[in-house]
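The chain contents come next:
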Amino acid sequence: MTITPLMPVYPRCGVRPVRGEGCYLIGERGERYLDFASGIAVNILGHGHPAVVKAIADQAATLMHVSNLYGSPQGEHFAARLVEKTFADTVFFTNSGAEAVECAIKTARRYHYVNGSPERTKIISFSSAFHGRTLGTISATNQPKMRDGFEPLLSGFEVVPFNDLAAATAAVDETTAGFLVEPIQGEGGMTPSSHEFLTGLRKLCDNHGMLLILDEVQCGYARTGLFFAHEHYGITPDIMAVAKGIGGGFPMGACLATEEAAKGMIAGTHGSTYGGNPLAMAVGEAVMDVAINDEFLANVRAKGERLRASLEQLIPNHDHLFESVRGVGLMLGLKLKESAESRAFVAHLRDNHGLLTVSAGENVVRILPPLIIEDSHIAECIEKLSAGARDFEAAA
Ligand SMILES: *Cc1c(COP(=O)(O)O)cnc(C)c1O
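> I would appreciate a short explanation of helix α9 (residues 278–291) in the present structure.
Count 3.6 residues to each turn of an α-helix, and residues three or four apart come out pointing the same way. Across its 14 residues, α9 extends 20 Å between first and last C-alpha, which sits within 8% of the 20 Å expected from 1.5 Å per residue. For α9, the complete set of buried residues consists of Pro278, Leu279, Ala280, Met281, Ala282, Val283, Gly284, Glu285, Ala286, Val287, Met288 and Ala291. Against α2 (50–62), α3 (73–85), β4 (90–94) and α10 (294–314) lie the buried residues of α9.

> Would you mind going over the pairing of strand β10 (residues 211–215) with me for this structure?
Of all 5 residues that make up β10, 5 are buried, and the element is covered over most of its length. Here β10 shows a buried face lined by Leu211, Ile213 and Asp215 and a second buried face lined by Leu212 and Leu214. As paired elements, strand β7 (residues 176–181) and β10 share 4 bridges and run parallel to each other. Residue Phe179 lies in a different strand from β10, and its bridge partner there is Leu212. Bridge count between β10 and strand β11 (residues 239–242): 3 bridges; the pairing is parallel. Paired with Leu214 across the two strands is Met240, which belongs to β11.

> What exactly am I supposed to notice about the sheet that holds strand β5 (residues 122–126) here?
Paired through their backbone hydrogen bonds, the strands of a sheet run either parallel or antiparallel. Spatially, 7 strands are ordered β4-β12-β11-β10-β7-β5-β6 in an open sheet, and the strand pairing comes out mixed. Either end of the sheet is taken by a strand with one partner, and the two such strands are β4 and β6 (157–160). Within the sheet, the average angular offset between the axes of one strand and its neighbour, ignoring direction, is 20°. In this sheet, strand β12 (residues 253–257) lies alongside β11 in antiparallel orientation, the contact comprising 4 bridges.

> Quick question: what am I supposed to make of the packing of aromatic side chains here?
In this description, a pair of aromatic rings is defined by centroid distance and the angle of the planes. In total, this model carries 10 aromatic pairs according to the counting rule given. Centre to centre, the rings of Tyr221 and Phe228 are 5.9 Å apart; their planes meet at 80°, and the pair counts as edge-to-face. One aromatic cluster in this structure is built from Phe126, Phe162, Phe179 and Phe197. Over the face of the ring belonging to Tyr24 we find Arg32, whose NZ or CZ atom lies 4.7 Å from the ring centre.

> What exactly am I supposed to notice about the packing of helix α11 (residues 342–353) against helix α12 (residues 375–395) here?
Any two packed helices are characterised by the angle at which their axes cross and by the distance between the axes. Relative to each other, α11 and α12 sit at 110°, their axes nearing to 10 Å. When the axis of α11 is compared with that of α12, the two are roughly perpendicular. Considering the relative orientation of α11 and α12, their crossing is right-handed. Residues Ala344, Phe345, His348, Leu349 and His353 of α11 pack against Lys384, Leu385, Ala387, Gly388, Ala389, Asp391 and Phe392 of α12. Residue composition of the contact of α11 with α12, grouped by class: 7 nonpolar, 3 polar and 2 charged.

> Help me understand the pattern of salt bridges, please; the structure alone is not making it clear to me.
For side chains bearing opposite charge, pairing can occur when the charged atoms are close. Going through the model one piece at a time under the given rule, you end up with 19 salt bridges. The partner of Arg81 in a salt bridge is Glu285, and the shortest N-O contact between them spans 2.5 Å. Placement of Arg81 in helix α3 and of Glu285 in helix α9 is noted, with a sequence separation of 204 residues between them. Residues Lys384 and Glu380 are paired through a salt bridge, measuring 3.8 Å at the closest nitrogen-oxygen approach. Of the two residues, Lys384 and Glu380 are both situated in helix α12; the distance of 4 residues between them amounts to about one turn of the helix. Where salt bridges share partners, they join Arg19, Glu21 and Arg32 into one cluster.

> Help me understand the site of the ligand in this model?
Around the ligand, the structure places Ser96, Gly97, Ala98, Phe130, His131, Gly132, Glu182, Asp215, Val217, Gln218 and Lys244. One nitrogen or oxygen atom from the main chain of Phe130 is found 3.2 Å from a nitrogen atom belonging to the ligand. Take Lys244: an N or O atom from its side chain is 2.6 Å from an oxygen atom of the ligand. Compared with its free state, where it exposes 380 Å², the ligand has 80% of that area covered by protein. In terms of residue class, the shell around the ligand is made up of 3 nonpolar, 5 polar and 3 charged.

About the cut-offs
- Residues numbered from 1 in each chain as written.
- Predicted model: local features only at pLDDT ≥ 70, side-chain atom pairs only at ≥ 80, totals over all residues.
- Heavy atoms only, no water.
- Helix = DSSP H or I, 4+ residues; strand = E, 2+ residues; numbered from the N terminus.
- Expected span 1.5 Å × (residues − 1).
- Buried < 20%, exposed > 50% of the residue type's maximum accessible area, 1.4 Å probe, protein only.
- Contact = heavy atoms within 4.5 Å.
- Pairing = 2+ DSSP bridges.
- Axes fitted to C-alpha atoms, helices over the stretch in contact; angles between N-to-C directions.
- Phe/Tyr/Trp six-rings, centres within 6.5 Å; stacked < 30°, edge-to-face > 60°.
- Lys NZ or Arg CZ within 6 Å of the ring centre and 35° of its normal.
- Parallel < 35°, antiparallel > 145°, perpendicular 65-115°, else oblique.
- Left-handed = near helix turned anticlockwise from the far one by under 90°.
- Nonpolar A, V, L, I, M, F, W, Y, C, P; charged D, E, K, R; others polar.
- Salt bridge = Lys/Arg side-chain N within 4 Å of Asp/Glu carboxyl O.
- Near = heavy atom within 4 Å.
- Polar contact = N/O pair within 3.5 Å; in protein donor to acceptor, adjacent residues only side chain to side chain.
- Areas by Shrake-Rupley, 256 points an atom, 1.4 Å probe, with all protein chains shown as cover.

Below, the structure is given as structure tokens:
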């Protein structure tokens, strides 16, 4: 037998973390890594944050799980806080990002169904998008590596070029339910929507009775220095999928919606055994207590600007390797020149310089530090990147 007990769907690297301390991961042999990947934008408070640890320990000892058949004082309280701070009127809690997107798609279809337009089922999504790995969410992407061999997928999706308002407009017909879009694409290459594109989609929705569904699983939850990325654009969605940062490492997600958009989601239409259980809610509250306030968000913006400026200063010194910096806040991407391969450079930084980053589409190195980084961590990252670039270029 050659298959491994752990299903080999990930090309796992040699880093084998067994402990985390703030912005660092420690491997099996005691080696330390500066973690500027954060579990792919998840560990917004770093590793072992005392508020998160305490919330888990206290809630686990009090009440970990009950069925959603019972009243949920914990869920009601956290949902009310999310509603108070966002466009939304109502929240469905999930265990992951893909489940949050699934709920968003179901909510949009149900809206048109109860609204007297059951034919409006088509969701328009965008090239290089990533919405998760369920059959529904892979139906909303055009990336062959995620789709091949899993067909037939869900019908009712049309993928058009990202940041192309004319293409999005042209795809709208009488069967369209709405758009599903990441305000800033993560896996696709840390590409922000243009202002014209996202506000244009909002207008199209308003003019044609369609729903704007935002996937803020990666770009949301303080990552860009505002609570949600759409706030940079001065628009609000009708439905929004959230996950990653919301639990700071605890698996949870949420689908947020306006009262109007959620009007089809009545008792019996949707569910989840674990979603929103008391343990998840306690963690969600603890993360929100620390991260979702003006002071914390302002600090994310300041650190983001500092990191970005430092990255930009690296470019002229390594202009055979680095092309440009992109992204917003602490969701940054370093685009490499075509002659270099982002995956290889990420591996080099990891194996030879103890710096963890993630590669993304369009030959981009994703830089996604915990949102609690200090200036010293920025300096350490820049040192490692600079040294890494020097010997990577020398070896090339
Ligand atoms: C990570 C991600 C998802 C999927 O989240 P899972 O928790 O892995 O299901 C969906 N959308 C975006 C934008 C993501 O970055």
